[in-house]
2 protein chains.
Amino acid sequence: MTRSAPVSPVARQVTCTAPVNIAVVKYWGKRDAKLILPSNSSLSVTLSQDDLHSRTTISLAPTHVTDRMWLNGSECSVPANARLVNCLTAARRHREALEKANPELPRWSTWGIHIGSENNFPTAAGLASSASGYACLVFTLAQVLELPLTGPELSRYARLGSGSACRSIMGGFVAWNMGTRADGTDSQAYQVAPETHWPELEALILVVNDAKKGTSSTVGMQTTVATSALAAHRFAHVVPERMRAMETAIADRDFAQFAELTMQDSNQFHAICLDTYPPIFYMNDTSKAVVHLVTAINRLMPTIQAAYTFDAGPNAVIYAPRDHMTRLLQLFTYFFPAPTDVSTRDFFNDPYARVPEGVVLGRDFPAEYQAVRDTFAVSTPGAVKRIIHTRVGDGPRVLSSSEASVLNAQGLPKSLK
Amino acid sequence: MTRSAPVSPVARQVTCTAPVNIAVVKYWGKRDAKLILPSNSSLSVTLSQDDLHSRTTISLAPTHVTDRMWLNGSECSVPANARLVNCLTAARRHREALEKANPELPRWSTWGIHIGSENNFPTAAGLASSASGYACLVFTLAQVLELPLTGPELSRYARLGSGSACRSIMGGFVAWNMGTRADGTDSQAYQVAPETHWPELEALILVVNDAKKGTSSTVGMQTTVATSALAAHRFAHVVPERMRAMETAIADRDFAQFAELTMQDSNQFHAICLDTYPPIFYMNDTSKAVVHLVTAINRLMPTIQAAYTFDAGPNAVIYAPRDHMTRLLQLFTYFFPAPTDVSTRDFFNDPYARVPEGVVLGRDFPAEYQAVRDTFAVSTPGAVKRIIHTRVGDGPRVLSSSEASVLNAQGLPKSLK
């Protein structure tokens, strides 16, 4: 273990959390890879930090001789991570400009930065942590450097780390406007509606077992833009119309419309992946079984019950209104039983108390969906590894408790791996 | 069993076979469902009848009181099958016009028709038999009614039975021009090149095990045209260019170009299926494993080794030049072992003698592809149920031997089920 010099008494330290977001109009394709400028606008739901978050502590001190970072307790090279460097540089330059304009300000832009970051969800869950991670990084940087930034301005810094991170800077329903300027200054997020606008919207994340590691999204996007004959049509003609329709559905809290657009856009994102050469597949047979099941219950019932969406992996995210959650949980745990070596509690706990007394998940089939019971096969136990229940939530939070800090008073990880 | 009246001594009987075809530019979408007019042109390779064919006997007699048909030994209702009726009506009207123009001709248009048809491949193989079946039906009708039709003209009659059947009317490389007229008179097939132009082109059909019955192609196409935002772009902008490029690749016997276009077009067909709402999936995890494997060997070797293509189901068809077949057979049988209860001979026989003395399929990995050996997992035995080896072949044939006839001298099936 390397030891830093003793920390300066003037050191500053801030800890924040930032949420995960799951897009309902998908981002896939960059028009500028370095500035991370997208080929189309996108829109997402920010999920509650009570369930899933990244937590980042930044320690700023004149005695930190170099910038250092620890992710989940392991040190990673800062200079080797160009995107991280871009975020740090942008924030420092901003601070430097403030200091030049006002010479009374402390020269924090010259101090070293130590970053400790952790996710409260296991990497094995297959959830992308880059969105919450980079949102948390730039949000914490803005706090520690006292940068006077609006949400949209801050989202541009997050975008430099990971495109979808710009949408985790705000809570509720967040759009990322693709922008048109070459320097990216208009490619930023804005809040379509806060989480309080539609608090009934909940989500289930079905973590799907998958043997193979899929194509990285950075490489995948580039190949799609270069080779898919359909992608350009999506960018220019489909998404602009769909963004408008999605904003209207959210404004109206129209779940049926929201759900249809969400499913269609997930399908189309995977369609352009398949039209890529060589083709990219993220959904597997379990993902497809989820699609077929959701399609069947939506057909069966008088109103749309749920919407599926899939990011760059086989995991399904199911959006549904609170009122549908009990039966949906029964449905999914019935058709996708827990792995044989995992307890029900580890497979699914019930943070929002949606399972009524007396109902046994995995055994009791929901009465409302009885008609689909015999039309689907029950999957092998463990095809879905875990079910996470969450809901729409707020934007990044500053934590005041020193217990929440990832770094100790010397700016080093509390727990080193 | 119903008995027909004794057959007339003037009865006519003809037996023909017709081939299967597998498209390399896919047909998916109709602009007119009744006339079976497609939304885009398509192009296919006719596969050898020595391996796969439909065989049809038509018995024409004044004593046949109604039209009857037996498919694989079981009688099916003629009036209930509108497309079959359309084919019979078109052929009879054509004959009637000839008889009106020349009163000396026998009045065959007034006689009853008995049809016996069989496929030499099991239904369980999951191969569409409608293309070879309808091609064989209209080809045999033209023979028995002595209709003076060119191939393209005859292909229009086949199209009334099943769109892709129009491409099984000729051998070699066959395009179906979508046409623009409302009555469909210019929506017909033409031969791009005969089988003798590129006889080295061979094919492996990997029959993939699949639990679920997929969406019927008739229903699927309609849903795609109605709901996919990408399909119209494919029809109007992608396919016309791809048809020209494919014809050039075939003219030049340029396998690399042929293969890339074939794979890209298969990918895009499945992409628009996925962009359909609700989405249609035909490929399963085994199909995807085939795609990844072909992609890997094409990357590994200095020249493109093989092209995959998938129709409306999980089966893979692999096109490759004769010279690559030994190592491809070794590759596929290694990664996709025979079902445990099926003998190697039933899993794959070697009609073209491509497996050299001493090579054991499923055990001996091809030396050329050694680098990919450990980068893929061997599938569960039986994920691929059967491998059929075939090659480019000729168009429908008239059989002269009475032994080949599906019907007996009375116009009834030799073997009734």
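Residues numbered from 1 in each chain as written. Chains lettered and ligands numbered in written order. Predicted model: local features only at pLDDT ≥ 70, side-chain atom pairs only at ≥ 80, totals over all residues. Heavy atoms only, no water.

In the nomenclature of an unreviewed UniProt entry, chain A is known as Diphosphomevalonate decarboxylase of Tieghemiomyces parasiticus. Quoted verbatim from the Catalytic activity (unreviewed entry) field of UniProt, the annotation for chain A is "(R)-5-diphosphomevalonate + ATP = isopentenyl diphosphate + ADP + phosphate + CO2". In the Sequence similarities (unreviewed entry) part of its UniProt record, chain A is described as follows: "Belongs to the diphosphomevalonate decarboxylase family." (UniProt positions renumbered as here; feature names shortened; annotations may be inferred.)

K.L.:
Tell me about the overall build of chain A, and name the residues and values.
P.N.:
Secondary structure summary: chain A contains nine helices and 16 strands in total. A compact globule built from 417 residues should have a C-alpha radius of gyration of about 22 Å, and chain A, at 22 Å, falls within 12% of that. Principal-axis analysis of the C-alpha atoms places the extent of chain A at approximately 70 × 45 × 40 Å. Across the 417 residues that make up chain A, the buried fraction comes to 57%. In chain A, the share of contacts with a sequence separation of at least 24, taken over all contacts with a separation of at least 6, comes to 77%. (Helix = DSSP H or I, 4+ residues; strand = E, 2+ residues; numbered from the N terminus. Rg over C-alpha atoms; globule rule 2.2 N^0.38 Å. Buried < 20%, exposed > 50% of the residue type's maximum accessible area, 1.4 Å probe, protein only. Contact = heavy atoms within 4.5 Å.)

K.L.:
Can you break down the relation of the copies chain B and chain A residue by residue, with the values?
P.N.:
Superposition record for chain B on chain A: RMSD 0.0 Å, screw rotation 180°, translation along axis 0.0 Å. Here the transformation between the copies is reduced to the relation of a two-fold axis. Residue A271 of chain B of chain B places its C-alpha closer to the rotation axis than any other residue of that unit, at 2.1 Å. (Least-squares fit on C-alpha atoms with pLDDT ≥ 70 in both.)

K.L.:
Residues and numbers for the pattern of salt bridges, please.
P.N.:
When the charged atoms of two side chains with opposite charge come close together, those side chains can pair. Taken as a whole and assessed by the stated rule, the structure comprises 34 salt bridges over all chains. In this structure, E118 of chain B and R55 of chain B form a salt bridge, with 3.1 Å as the shortest nitrogen-oxygen distance. Of this pair, E118 of chain B sits in strand β9 (residues 112–119) while R55 of chain B is found in strand β6 (residues 53–61), placing the two residues 63 residues apart along the sequence. The shortest N-O distance in the salt bridge between R68 of chain B and E75 of chain B comes to 2.7 Å. Each of the salt bridges in this network shares a partner with another, and the network as a whole consists of D50, D394 and R397 of chain A. (Salt bridge = Lys/Arg side-chain N within 4 Å of Asp/Glu carboxyl O.)

K.L.:
Which residues make up the nonpolar core, and what values go with them?
P.N.:
Core analysis: the biggest nonpolar cluster contains 247 residues, and F258, Y319 and F332 of chain A together with F258 and F332 of chain B have the highest contact counts within it. Setting aside residues up to four positions removed in sequence, F332 of chain B forms contacts with L204, L206, V290, L293, V294, I318 and I387 of chain B. (Core = buried A, V, L, I, M, F, W, Y, C linked by side-chain atoms within 4.5 Å.)

K.L.:
Outline the domain arrangement of chain A, supporting the account with residue identities and numerical values.
P.N.:
Residue and element names in this part refer to chain A. Along its sequence, chain A is organised into domain 1 (12–198 + 399–404) and domain 2 (201–391). With 34 residues of domain 1 at the contact, the number on the domain 2 side is 49 residues. Overall, the association of domain 1 and domain 2 removes approximately 3,300 Å² of surface from exposure, summing both partners, and the carbon and sulfur fraction of that is 67%. For the domain 1 face of the interface with domain 2, the top three residues by lost area are K26, W28 and W198, together amounting to 30%. On the surface where domain 1 and domain 2 come into contact, there are one salt bridge. At the boundary of domain 1 with domain 2, the tally comes to 14 residue pairs in polar contact (both at pLDDT 80 or more). (Domains from an automatic or database assignment. Buried area = accessible area lost by both parts, 1.4 Å probe. Polar contact = N/O pair within 3.5 Å; in protein donor to acceptor, adjacent residues only side chain to side chain.)

K.L.:
Could you give an account of the pairing of strand β5 (residues 42–46) of chain B, with specific residues and numbers?
P.N.:
Residues and elements named next belong to chain B. The element β5 is largely enclosed, with a buried count of five among its five residues. Residue alternation in β5 divides its side chains into two sets, S42, S44 and T46 and L43 and V45, and both sets are buried. Two elements, strand β2 (residues 21–25) and β5, share four bridges in a ladder whose sense is antiparallel. Each bridged residue has a counterpart across the sheet, and for V25 the counterpart in β5 is L43. Relative to strand β10 (residues 173–177), β5 is paired through four bridges, and the arrangement is antiparallel. The residue of β10 that forms the bridge with L43 is A175. (Pairing = 2+ DSSP bridges.)

K.L.:
Which residues make up helix α6 (residues 255–274) of chain A, and what values go with them?
P.N.:
The first and last C-alpha atoms of α6 of chain A sit 28 Å apart over 20 residues, in line with the 28 Å expected at 1.5 Å per residue. Most of α6 of chain A is tucked away, with 17 of its 20 residues classed as buried. (Expected span 1.5 Å × (residues − 1).)

K.L.:
How would you explain the side chain of K26 of chain B if you had to name every residue and give the values?
P.N.:
Residue and element names in this part refer to chain B. Here K26 shows up in the loop between β2 and β3 (30–32). A relative accessible area of 2% places K26 in the buried class. Separated by 2.7 Å, the side chains of K26 and T309 make a polar contact. If we ignore the near neighbours within four places in the chain, the residues touching K26 are N40, S41, S42, R234, D265, S266, F269, T309, F310 and D311.

K.L.:
Give a detailed account of the packing of aromatic side chains, specifying residues and quantitative values.
P.N.:
Aromatic rings considered in pairs are described by the distance between their centres and by the relative angle of their planes. A complete count under the given rule lists 27 aromatic pairs over all chains for this structure. Judged by centre distance (6.1 Å) and plane angle (35°), the ring pair of F255 of chain A and F258 of chain A falls under tilted. Linking F255 of chain A with F258 of chain A, this pair stays in helix α6, spanning three residues, or about one helical turn. With respect to burial, F255 of chain A and F258 of chain A carry one shared label: buried. Geometrically, the ring pair formed by F335 of chain A and F365 of chain A is edge-to-face, given 5.7 Å between the ring centres and 85° between the ring planes. Remark: F365 of chain A occurs in the loop between α9 (344–347) and β15 (384–391) and F335 of chain A occurs in helix α8 (residues 325–335); sequence separation between them is 30 residues. Like F365 of chain A, F335 of chain A is buried. By way of ring pairs, the aromatic residues F173, W198, F255, F258 and Y319 of chain A are connected into one cluster. R12 of chain B extends its terminal NZ or CZ atom over the ring of W108 of chain B, reaching a point 3.9 Å from the ring centre. (Phe/Tyr/Trp six-rings, centres within 6.5 Å; stacked < 30°, edge-to-face > 60°. Lys NZ or Arg CZ within 6 Å of the ring centre and 35° of its normal.)

K.L.:
Any chance you could break down empty space enclosed by the protein for me, citing the residues and the numbers?
P.N.:
Applying the stated criterion to the full structure yields three cavities of 30 Å³ or more. Approximately 190 Å³ is the volume attributed to the largest cavity. L274 and F281 of chain A together with L274, F281 and K288 of chain B are, among the 14 residues lining the largest cavity, the residues nearest its centre. Elements supplying a minimum of two residues to the lining of the largest cavity: α6 of chain A together with α6 (255–274) of chain B. Partitioning the lining of the largest cavity into residue classes produces ten nonpolar, two polar and two charged. Considering only enclosed or pocket space, the second largest cavity measures out at about 40 Å³ in volume. Considering the residues around the second largest cavity, the lining is formed by W70, N72, G73, G116, S117, E118, V406, P413, K414 and S415 of chain A. In terms of residue count, the dominant contributor to the lining of the second largest cavity is strand β9 (residues 112–119) of chain A (three residues). For the lining of the second largest cavity, the per-class residue count stands at three nonpolar, five polar and two charged. (1 Å grid on protein atoms, 1.4 Å probe; cavity = no way out; pocket = protein on both sides within 12 Å on 5 of 7 lines; lining within 4 Å. Points joined across faces, edges and corners; volume = space filled by probe spheres on them. Nonpolar A, V, L, I, M, F, W, Y, C, P; charged D, E, K, R; others polar.)

K.L.:
Give a detailed account of the sheet that holds strand β10 (residues 173–177) of chain A, specifying residues and quantitative values.
P.N.:
All names here are of chain A. Strand order in the open sheet formed by four strands is β2-β5-β10-β11, and the pairing between neighbours is antiparallel. Of all strands in the sheet, those bounded by a partner on one side alone are β2 (21–25) and β11 (188–193). Averaged over all adjacent pairs, the angle separating strand axes in this sheet is 35°, with direction ignored. (Axes fitted to C-alpha atoms, helices over the stretch in contact; angles between N-to-C directions.)

K.L.:
Can you lay out the interface of chain B and chain A for me, pointing to particular residues and giving the numbers?
P.N.:
The interface is formed by 30 residues belonging to chain B together with 30 residues belonging to chain A. Together chain B and chain A conceal approximately 2,600 Å² of surface at their shared face, both sides included; 66% is due to carbon and sulfur atoms. Considering only the surface of chain B that becomes buried against chain A, L230, Y277 and F281 of chain B emerge as the three largest contributors, covering 25% of it. Along the contact surface separating chain B from chain A lie zero salt bridges. Inspection of the region where chain B meets chain A yields eight residue pairs in polar contact (both at pLDDT 80 or more). Secondary-structure elements contributing two or more residues to the side of chain B that touches chain A are α5 (231–251), α6 and α7 (285–300) of chain B.

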